[in-house]
Amino acid sequence: MSDCITTFFDAWQIENAEVRLAKIKSAVTESIRYDDPRTPETLMGIDALSHYVGMFSANALGWSAKVVKSDTLSNVTRVTVAFSGTGADGLQQVQLGQYFTEMEGDLISRMVGFVGTGE
């Protein structure tokens, strides 16, 4: 797996917008395209992506996103990510998501995410 994918998901728990933006910039291309079930349309560019990730940081305080599994075929990496933190009930929760990423050199150029792992 590419380190940029881990770097990108490390940014999900950073509350400081400038630090989060710098981390995301080190992981994705300028023309990054991103989709997941919570985006009504494709997010285009680093600023839009950083804003979206910032909404996670703001709304899921104390939660983290960690790559737990990945494999690569050709130019596409499939990544399983565990989003975890304390739920409203005070108990630890884990939600899995699966992402498919395309690379341009050492950076992510396209990412599509899904809730769960398709099982």
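This text goes with the structure placed above it.
The rules we used
Residues numbered from 1 in each chain as written. Predicted model: local features only at pLDDT ≥ 70, side-chain atom pairs only at ≥ 80, totals over all residues. Heavy atoms only, no water. Helix = DSSP H or I, 4+ residues; strand = E, 2+ residues; numbered from the N terminus. Contact = heavy atoms within 4.5 Å. Pairing = 2+ DSSP bridges.

Student: I'd like to hear about the environment of glycine 62, residue by residue, with values.
Tutor: With respect to the secondary-structure elements, glycine 62 resides in the loop between helix H3 (46-59) and strand E3 (64-73). Spatially, the C-alpha atom of glycine 62 lies 27 Å from that of arginine 33, the residues being 29 residues apart in sequence. Non-local contacts of glycine 62, meaning those with residues more than four positions away in its chain, are made with Ser84 and Gly85.

Student: Tell me about the pairing of strand E5 (residues 92-104), residues and numbers included.
Tutor: For strand E4 (residues 76-86) and E5, the ladder comprises 11 bridges, and the chain directions are antiparallel. Residue pairing across strands places glycine 85 opposite glutamine 93, the latter belonging to E5. Between the end of E4 and the start of E5, which pair antiparallel, lie five residues, with glycine 90 showing a positive phi angle near 85°. Pairing between E5 and strand E6 (residues 107-115): eight bridges, direction antiparallel. Bridging across to E6, tyrosine 99 finds its partner in glycine 113. The hairpin turn running from E5 into E6, its antiparallel successor, is two residues long, and glycine 105 in that turn takes a positive phi close to 65°.

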